[in-house]
Amino acid sequence: MERGGLEGFGLRCAARAIGCDVATLSYHFGSKEGLERAIADRLQSEVAAPKPDLTWQTRLTAMARSYRQIAKRYPNAFPLLLRFWSTGPGEMQICEEWYRAHFDAGLREADIAAVGFATYAAILGACAGEIGGLLNRPSAEALSEVEGQSDLPITKKLLPAFTHLSKDEVFDAAIAILISGIESQVARQRLQEHKPRTRRPKSP
């Protein structure tokens, strides 16, 4: 898959690569999608579960950085992680740790599914954007195109920052924003829980 990309990947080329027949792969994985799901789960197994005695912020950061390393190591296969709701046992274990970090942050149980899913998708998206070229520094042509437009005053002011911006800075910012967002959500929830309820006056 890394040699030929997702577009050219299939049971036949996989069978040739590992020296078996297509029927064997079909027997074990059922279809091309089944094989892709197994590959995605194999990638998930490279995410190390963080130590439970670490803070939830440190655990979440460590897992996010693991996904970034996987994306860099397997840029063609990594998009498979964005395709399946669940890839199998490998991902389930990591998702358990991901949601545990949100639980330990103090989020209400009713909100963990939505917030946890959103932060997970955001990190995978940031990783996919990096390997896809989104985080590359702007080309001379792109800079010239911005300079040539008169209705982009803020973007023009930011051009010097964009030309020196590193991918590490962007990824660190993404993690920091996610963590601060979770902390703000928890703070709002606690404020609501401790806010005294106003009693309505009794009707005469």
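The structure displayed is predicted, hence computed values, not measured ones. (Residues numbered from 1 in each chain as written. Predicted model: local features only at pLDDT ≥ 70, side-chain atom pairs only at ≥ 80, totals over all residues. Heavy atoms only, no water.)

## Comments concerning the pattern of salt bridges
Alright, step 1. Scanning all chains against the criterion turns up 10 salt bridges.
Alright, step 2. Salt-bridge contacts for Glu130 lead to Arg68; the nearest nitrogen and oxygen are separated by 2.9 Å. Here Arg68 lies in helix H4 (residues 56-73) and Glu130 lies in helix H6 (residues 109-132), a separation of 62 residues in the sequence.
Alright, step 3. On the basis of relative accessibility, which here comes to 7%, the residue Arg68 falls in the buried class.
Alright, step 4. Residue Asp168 pairs with Arg68 through a salt bridge whose shortest N-O separation is 2.8 Å. With a gap of 100 residues between them, Asp168 in helix H9 (residues 167-194) and Arg68 in helix H4 connect regions that are remote in the sequence.
Alright, step 5. The exposure class assigned to Asp168 is partly exposed, which follows from its relative accessible area of 44%.
Alright, step 6. Each of Arg42, Glu46 and Arg73 takes part in salt bridges that share partners, so that together they form one network. (Salt bridge = Lys/Arg side-chain N within 4 Å of Asp/Glu carboxyl O. Helix = DSSP H or I, 4+ residues; strand = E, 2+ residues; numbered from the N terminus. Buried < 20%, exposed > 50% of the residue type's maximum accessible area, 1.4 Å probe, protein only.)

## Describing the nonpolar core
Alright, step 1. With 33 residues, the main nonpolar core has Leu60, Tyr67, Phe78, Ile123 and Ile182 as its most contacted residues.
Alright, step 2. Elements represented by at least two residues in this core include exactly helix H3 (32-44), H4, helix H5 (89-105), H6 and H9.
Alright, step 3. No other element matches the 7 residues that H4 contributes to this core.
Alright, step 4. In this view, Ile182 contacts Trp56, Leu60, His102, Ala105, Leu107, Val115 and Thr119; residues no more than four positions away in its chain are not counted.
Alright, step 5. Counting residues in each nonpolar core, the second largest holds 6 residues, with Phe9, Leu11, Ala14 and Ala15 among its members. (Core = buried A, V, L, I, M, F, W, Y, C linked by side-chain atoms within 4.5 Å. Contact = heavy atoms within 4.5 Å.)

## Brief notes about the confidence of the model for the chain
Low pLDDT marks stretches whose predicted atomic positions should not be read closely.
Alright, step 1. Confidence in the prediction of the chain, expressed as mean pLDDT, is 91, and 96% of residues score 70 or more.
Alright, step 2. Taking the mean pLDDT of every element in the chain, the minimum, 88, falls on helix H1 (residues 11-18) and the maximum, 97, on H4. (pLDDT = per-residue confidence, 0-100.)

## With respect to H9
Given 3.6 residues to a turn, an α-helix orients residues that are three or four positions apart in the same direction.
Alright, step 1. End to end, H9 covers 41 Å across 28 residues, agreeing with the expected 40 Å (1.5 Å per residue, within 8%).
Alright, step 2. Phe171, Ile175, Leu178, Ile179, Ile182, Val186 and Gln189 are the residues of H9 that are buried.
Alright, step 3. Elements that come into contact with the buried residues of H9 comprise H4, H5 and H6. (Expected span 1.5 Å × (residues − 1).)

## Concerning a nonpolar patch on the surface
Alright, step 1. A surface patch of nonpolar side chains, about 290 Å² in accessible area, is lined by Ile154, Leu158 and Phe162.
Alright, step 2. Counting through the fold element by element, Phe162 comes out in helix H8 (residues 153-164).
Alright, step 3. Note on Phe162: relative accessible area 37%, which makes it partly exposed. (Patch = residues over 30% accessible without salt bridge, like charges linked within 9 Å, V, L, I, M, F, W, Y side chains within 5 Å. Areas by Shrake-Rupley, 256 points an atom, 1.4 Å probe, with all protein chains shown as cover.)

## Remarks on the side chain of Arg68
Alright, step 1. Polar contacts involving the side chain of Arg68 include one to the side chain of Asp168, which spans 2.8 Å.
Alright, step 2. With residues up to four places along the chain from it excluded, the contact list for Arg68 reads Cys127, Glu130, Lys167, Asp168 and Phe171. (Polar contact = N/O pair within 3.5 Å; in protein donor to acceptor, adjacent residues only side chain to side chain.)

## Observations regarding the packing of aromatic side chains
Alright, step 1. The tally for this structure, following the rule as stated, stands at 2 aromatic pairs.
Alright, step 2. When the ring of Tyr67 is compared with that of Tyr120, the centres are 5.7 Å apart and the planes differ by 75°; the resulting orientation is edge-to-face. Note that Tyr67 is positioned in helix H4 and Tyr120 in helix H6, a separation of 53 residues in sequence. Across the pair, Tyr120 and Tyr67 agree in class, each one buried.
Alright, step 3. Between Trp98 and Tyr120 the ring centres are 5.8 Å apart and the planes differ by 75°, which places this aromatic pair in the edge-to-face class. Of this pair, Trp98 sits in helix H5 while Tyr120 sits in helix H6, and the two are 22 residues apart along the sequence. Of the two residues, Trp98 and Tyr120, neither departs from the other in class, the shared state being buried.
Alright, step 4. Put simply, the rings of Tyr67, Trp98 and Tyr120 touch in pairs and so form one group of aromatic residues. (Phe/Tyr/Trp six-rings, centres within 6.5 Å; stacked < 30°, edge-to-face > 60°.)

## A short note on the side chain of Gln189
Alright, step 1. Take Gln189: it is sitting in helix H9.
Alright, step 2. We classify Gln189 as buried; its relative accessible area is 3%.
Alright, step 3. Excluding its chain neighbours within four sequence positions, the residues that come into contact with Gln189 are Gly106, Leu107, Arg108 and Asp111.

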